[in-house]
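Here is how the chains run, residue by residue.
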Amino acid sequence: MEYSISPDGEKFKIPDEDDYTKEYERLEKLVKEKREEGLEIVVVMGLGFVGAVMAGVVADSVDKKTGKPGKFVIGMQRPSTRSFWKIPLFNKGISPVKAEDPEVAPLIERCVNRKKTMSATFTYDALKLADVLVVDVQCDYLKQDLGNLRSGHADISALEDSFKVIGEKISPHCLVLIETTVPPGTTEYIAYPLIKKAFKTRGIAEEPMLAHSFERVMPGKEYVRSVRDFWRVCSGINRESREKISKFLSEILNVDEFPLTVLDRPIESETCKIVENSYRATILAFLDEWSLFSETNGIDLIKVINAIKVRPTHSNIIFPGPGIGGYCLPKDGGLGLWAYKHLMGFENDIFKITPQAININDTRALHAAQLVRDALRNMGLIVAASQIAVLGASYREDVGDTRYSGSEIIVRKLTEMGADVKAHDPYVQHWWELEKQDTYPAVGASWSRFFRNQEHLDEFRMTPDLEEALKGSDAVVLAVRHQPYLELVPEEVVRMAGAPLAIVDCFGILDDDKIRRYFELGCEVKGLGRGHINRIKDKVRKEGQGGQP
């Protein structure tokens, strides 16, 4: 008997054949009741980071004229050992997604238990009941070499399998909305042919109704608002699809304040998401070379950036920190490269900036590990004989999302160099990329394959207590701008460590007064883009020798 185990350790039996029959009977009865109440049936396929909250937003929406619910949502998740646990928890009103946004948990609970506008299931037969199907199935880009985007490929196998099943199950009148970020051309070149072929096999002459509208979900305290109260771009394969997707999104999202942008073809909507994220990745990568320039020429890049941001046209310039994480920016540009060659069939190499930007972002954290090495060396220590505390596991401040975080590269590189690494993050309880590196994010996809000496990291556990993480440490890496780390006092850090230690600031966390104080306490300090640190160090040393300030 197989089980699916939730992150909290609760076990749920994987469904057998009889369970499928009973489950579909439950859904048929439920859908009949909801249709009699005048509700449209929406199936959300995939209850992951995007799908779970999208399902909640749809289920929580109301008719703008009557104020009453207009949608009944069925969240559908395939019953794998890895993710089946989401279904029973969802049906208790418990969100399968842990989020910093306090609105997420009440949203799921309200729709399931009080409004009765949402349920979850494991059977693909739920697709037969859908008036609208929202596809939130994962599409990844798998890199074969760290820092070489061109060596990778788009993993669209799960999407292709999903489109085949969709074509076999849905009503010909069902609108299929692809919300997943996909290679440009996926809707027209992959989804449409697969569903059309399945329709033909079923004797259905109607054209599939297909639309694309990418999510712009942002983790953090405004997670739900980034779905409901944010600008959307959409498109459809024909006029009817465009009209239907515009109507559907207008009924569930706050389009009065955040109007829809309707494009002519899905390939335009798909390209919009890829360009949007590639642009962001590029402007972040741009600062890497200036960060190195600043370090070697006595410049504080943080002060330079703040001076530039005074100019309104450049107010979005951002210091990149130790790497660009999250699920989108490290990979989405690759989907464009892959589509150009494998969907459109072009062999010429037109992409120069996009792959280079992603390569820079992927490997930036390696320099942070070098700064740790240099800071320890200045204290007469080596990485291989040191205990190092990494503060911050997530990819951005004040969220608990560890996907593709720069901190992971720092930990892996320091581990390769022989360090004993501990990690603390107020928002992260489990660092799955390490704890389940053999299977997460997929078998053979872990970044552990890019480094040596990684085998024991599946035993890695977060250190929940900051003082325990710092105790006995020879170095501390300030990797993420979490609010608690901005408030750290040098005297307290040294006290918790038990002795002066190497401090490496990856994200402009330390101001000059704190840098100075660390030097006064006998510490060594390094920082990404913080070339002025040596001036502070020389000044402190001069004052300590009785010189003039």
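Look above for the structure.
Visitor: Just to check I follow, could you spell out the layout of surface pockets for this structure?
Guide: In this approach a probe as big as a water molecule rolls over the atoms, and the regions it shows empty are the leftover space. Each pocket or cavity is described by its volume, and for the second largest pocket that value is around 260 Å³. Taken together, 14 residues form the lining of the second largest pocket, with Arg-150, Leu-337, Trp-338, Lys-341 and Asp-349 sitting closest to its centre. At 5 residues, the largest contribution of residues to the lining of the second largest pocket is made by helix 11 (residues 332–342). A class-by-class count of the residues in the lining of the second largest pocket yields 7 nonpolar, 3 polar and 4 charged.

Visitor: I'm lost on the pairing of strand 17 (residues 524–527) in this one. Help?
Guide: In regular strands, side chains alternate between the two faces of the sheet. Neither face of strand 17 is open: one carries Glu-524 and Lys-526, the other Val-525 and Gly-527, and all of them are buried. Here strand 16 (residues 502–505) runs beside strand 17; their pairing, made up of 4 bridges, is parallel. Pairing of Ile-503 across the sheet is with Val-525, part of strand 17.

Visitor: Looking at this structure, how should I read the nonpolar core?
Guide: Burial of nonpolar side chains together is a common tendency in soluble globular proteins. Ranked by size, the top nonpolar core spans 68 residues in total, and within it Ile-388, Ile-410, Leu-414 and Ile-503 carry the most contacts. Tallying contributions element by element places helix 12 (residues 353–378) first for this core, with 7 residues. With near-sequence residues (within four places) excluded, Ile-410 lies in contact with Pro-322, Ala-365, Ala-368, Val-390, Val-477, Ala-479 and Cys-506. Grouped together as the second largest cluster of nonpolar side chains are 45 residues, Val-73, Phe-84, Phe-90 and Leu-253 included.

Visitor: What am I meant to see in empty space enclosed by the protein here?
Guide: A full pass over the atoms with the stated rule returns 1 cavity of 30 Å³ or more. If you add up the space inside the largest cavity, you get close to 50 Å³. Surrounding the largest cavity, Pro-322, Gly-323, Ile-324, Pro-330, Asn-361, Asp-362, Ala-365, Tyr-404, Ser-405, Gly-406, Ile-409 and Trp-447 form its lining. Contributing elements (two or more residues each) for the lining of the largest cavity: helix 12 and helix 13 (406–416). When residues in the lining of the largest cavity are grouped by element, the largest group, 3 residues, is from helix 12. Classifying every residue of the lining of the largest cavity by side-chain character gives 7 nonpolar, 4 polar and 1 charged.

Visitor: Would you take a moment to explain the packing of helix 5 (residues 157–169) against helix 6 (residues 186–201) for this structure?
Guide: The relative placement of two packed helices comes down to the angle between their axes together with the axis-to-axis distance. Between helix 5 and helix 6, the shortest axis-to-axis distance is 7 Å and the interhelical angle comes to 40°. Relative to helix 6, the crossing made by helix 5 is right-handed. Here Glu-160, Phe-163, Lys-164, Ile-166, Gly-167 and Glu-168 of helix 5 come into contact with helix 6, specifically with Thr-186, Ile-190, Ala-191, Leu-194, Ile-195, Ala-198 and Phe-199. Here the contact of helix 5 with helix 6 is built from residues that sort into 8 nonpolar, 2 polar and 3 charged.

Visitor: Teacher, can you tell me more about the packing of aromatic side chains here?
Guide: Any pair of aromatic rings gets described here by the distance separating the centres and the angle formed by the planes. Applying the stated criterion across every chain yields a total of 12 aromatic pairs. Ring geometry for Phe-84 and Phe-122: centres 5.9 Å apart, planes at 70°, overall edge-to-face. With Phe-84 in the loop between strand 4 (71–76) and helix 3 (86–90) and Phe-122 in the loop between strand 5 (118–121) and strand 6 (132–135), this residue pair connects regions lying 38 residues apart in the sequence. In this pair, the class of Phe-84 matches that of Phe-122, namely buried. Within the aromatic cluster, the residues linked to one another by ring pairs are Tyr-20, Phe-84 and Phe-122.

Visitor: So what exactly am I meant to see when it comes to helix 8 (residues 239–252) here?
Guide: The terminal C-alpha atoms of helix 8 lie 20 Å apart, and with 14 residues this matches the ideal 20 Å at 1.5 Å per residue to within 8%. Along helix 8, the residues that are buried comprise Ser-241, Ile-245, Ser-246, Phe-248, Leu-249 and Ile-252. End-on view of helix 8: buried residues confined to an arc of 170°, all on one side of the axis. Turned more than 90 degrees away from the buried face of helix 8, the exposed residues are Arg-239, Glu-243 and Lys-247.

Visitor: I'm lost on the pattern of salt bridges in this one. Help?
Guide: One side chain can pair with another of opposite charge once the charged atoms of both are near each other. One pass over the structure, following the stated rule, counts 46 salt bridges. Measuring nitrogen to oxygen at the nearest pair gives 3.7 Å for the salt bridge that ties Glu-10 to Lys-92. Here the residue Glu-10 occupies a position in the loop between strand 1 (3–5) and strand 2 (11–13), and Lys-92 occupies one in the loop between helix 3 and helix 4 (104–114), the gap between them amounting to 82 residues. Judged by relative accessible area, which is 37%, Glu-10 ranks as partly exposed. You can call Lys-92 partly exposed: its relative accessible area is 46%. Two residues, Glu-207 and Lys-196, come together in a salt bridge whose shortest N-O distance is 2.7 Å. In this pair, Glu-207 is assigned in the loop between helix 6 and strand 10 (209–212) and Lys-196 in helix 6, connecting sequence segments 11 residues apart. The partly exposed category is assigned to Lys-196, whose relative accessible area is 25%. Among the ionic contacts, a cluster of salt bridges with common partners joins Glu-103, Glu-222, Arg-225, Arg-228 and Asp-229.

Definitions and cut-offs
- Residues numbered from 1 in each chain as written.
- Predicted model: local features only at pLDDT ≥ 70, side-chain atom pairs only at ≥ 80, totals over all residues.
- Heavy atoms only, no water.
- 1 Å grid on protein atoms, 1.4 Å probe; cavity = no way out; pocket = protein on both sides within 12 Å on 5 of 7 lines; lining within 4 Å.
- Points joined across faces, edges and corners; volume = space filled by probe spheres on them.
- Helix = DSSP H or I, 4+ residues; strand = E, 2+ residues; numbered from the N terminus.
- Nonpolar A, V, L, I, M, F, W, Y, C, P; charged D, E, K, R; others polar.
- Buried < 20%, exposed > 50% of the residue type's maximum accessible area, 1.4 Å probe, protein only.
- Pairing = 2+ DSSP bridges.
- Core = buried A, V, L, I, M, F, W, Y, C linked by side-chain atoms within 4.5 Å.
- Contact = heavy atoms within 4.5 Å.
- Axes fitted to C-alpha atoms, helices over the stretch in contact; angles between N-to-C directions.
- Left-handed = near helix turned anticlockwise from the far one by under 90°.
- Phe/Tyr/Trp six-rings, centres within 6.5 Å; stacked < 30°, edge-to-face > 60°.
- Expected span 1.5 Å × (residues − 1).
- Arc of directions from axis to C-beta.
- Salt bridge = Lys/Arg side-chain N within 4 Å of Asp/Glu carboxyl O.

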